[in-house]
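If you want the building blocks of each chain, they are given just below.
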Amino acid sequence: MPPIAYLSRTAHFSAAHRLHAPSLSAEVNAEVYGKCNRANGHGHNYEVEIAVKGEIDPQTGMILNVTDLKQCIHEAIMEPLDHRHLDHDVPFFADRPSTTENLAIYIWDSMKRVLPKGPELYRVRLYETPQNYVEYFGEASTQEAE
């Protein structure tokens, strides 16, 4: 059985958003999100790290060509998100707040659609600021199943 390895690649993109939950009143949104709820929104220089897991091919010595991973990241992340306003330009956020947690889920779903067969998506790590990041492993809440 071939050895298993993890391959990671980072990318940077800039996007604006407004933290606002459509299901909450204006007053509650202002209380929950504070200055991040201001009407015109604000921007971030995000850093995203994509990690894939797979068997090392004995002929190529790779689980996935880095060039292919770079193209997947461009298609799934850079094209739809870079220099965009998440709430206005990305339909995923029409009915949910554009939090870093939800953005990580969006990135996960987008990467799953473009990755070739073989390696599996292992982790999305998304830095909103150098101090704050979210990690998403594709897990759903067990409470939903109950």
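What you see is a predicted model; the values in this text were computed from it and never measured. (Residues numbered from 1 in each chain as written. Predicted model: local features only at pLDDT ≥ 70, side-chain atom pairs only at ≥ 80, totals over all residues. Heavy atoms only, no water.)

J.: Even after reading the chapter, I still don't get the side chain of His17, so can you show me in this structure?
T.: With respect to the helices and strands, His17 occurs in strand β1 (residues 4-17). In this structure His17 comes out as buried when scored by relative accessible area, which is 0%. Of the polar contacts made by the side chain of His17, one reaches the backbone oxygen of Ser98; its length is 2.8 Å. Sequence-distant contacts of His17, that is, excluding residues within four places in its chain, are made with Gly41, His42, His44, Tyr46, His85, Leu86, Asp87, Ser98 and Glu128. (Helix = DSSP H or I, 4+ residues; strand = E, 2+ residues; numbered from the N terminus. Buried < 20%, exposed > 50% of the residue type's maximum accessible area, 1.4 Å probe, protein only. Polar contact = N/O pair within 3.5 Å; in protein donor to acceptor, adjacent residues only side chain to side chain. Contact = heavy atoms within 4.5 Å.)

J.: Can you walk me through the sheet that holds strand β5 (residues 133-136) in this structure?
T.: For sheets, the rule is that strands pair by backbone hydrogen bonds, running either parallel or antiparallel. As summarised here, the arrangement of the five strands in space is β3-β1-β2-β4-β5, forming an open sheet in which the pairing is mixed. The strands lining the two open edges of the sheet, one partner per strand, are β3 (84-85) and β5. The strands touched by helix α2 (residues 66-81) are β1, β2 (42-55) and β3; relative to β1, the strand with the most contacts, the crossing angle is about 25°. Of the strands in this sheet, β1, β2, β4 (120-127) and β5 are in contact with helix α4 (residues 100-114), which crosses β4 at around 150°. (Pairing = 2+ DSSP bridges. Axes fitted to C-alpha atoms, helices over the stretch in contact; angles between N-to-C directions.)

J.: Would you explain the nonpolar core in this entry?
T.: Nonpolar side chains in soluble globular proteins generally cluster together in the buried interior. Counting 33 residues, the largest nonpolar core has Phe13, Ile50, Ile77, Leu103, Ile107 and Met111 as the members making the most contacts within it. Going through the elements one at a time, β1, β2, α2, α4, β4 and β5 are the ones with two or more residues in this core. Ranked by residue count, the leading element in this core is α2, at seven residues. Those residues in contact with Met111 that sit more than four places away from it in its chain are Ile50, Leu69, Cys72, Ile73, Ala76, Ile77 and Leu121. (Core = buried A, V, L, I, M, F, W, Y, C linked by side-chain atoms within 4.5 Å.)

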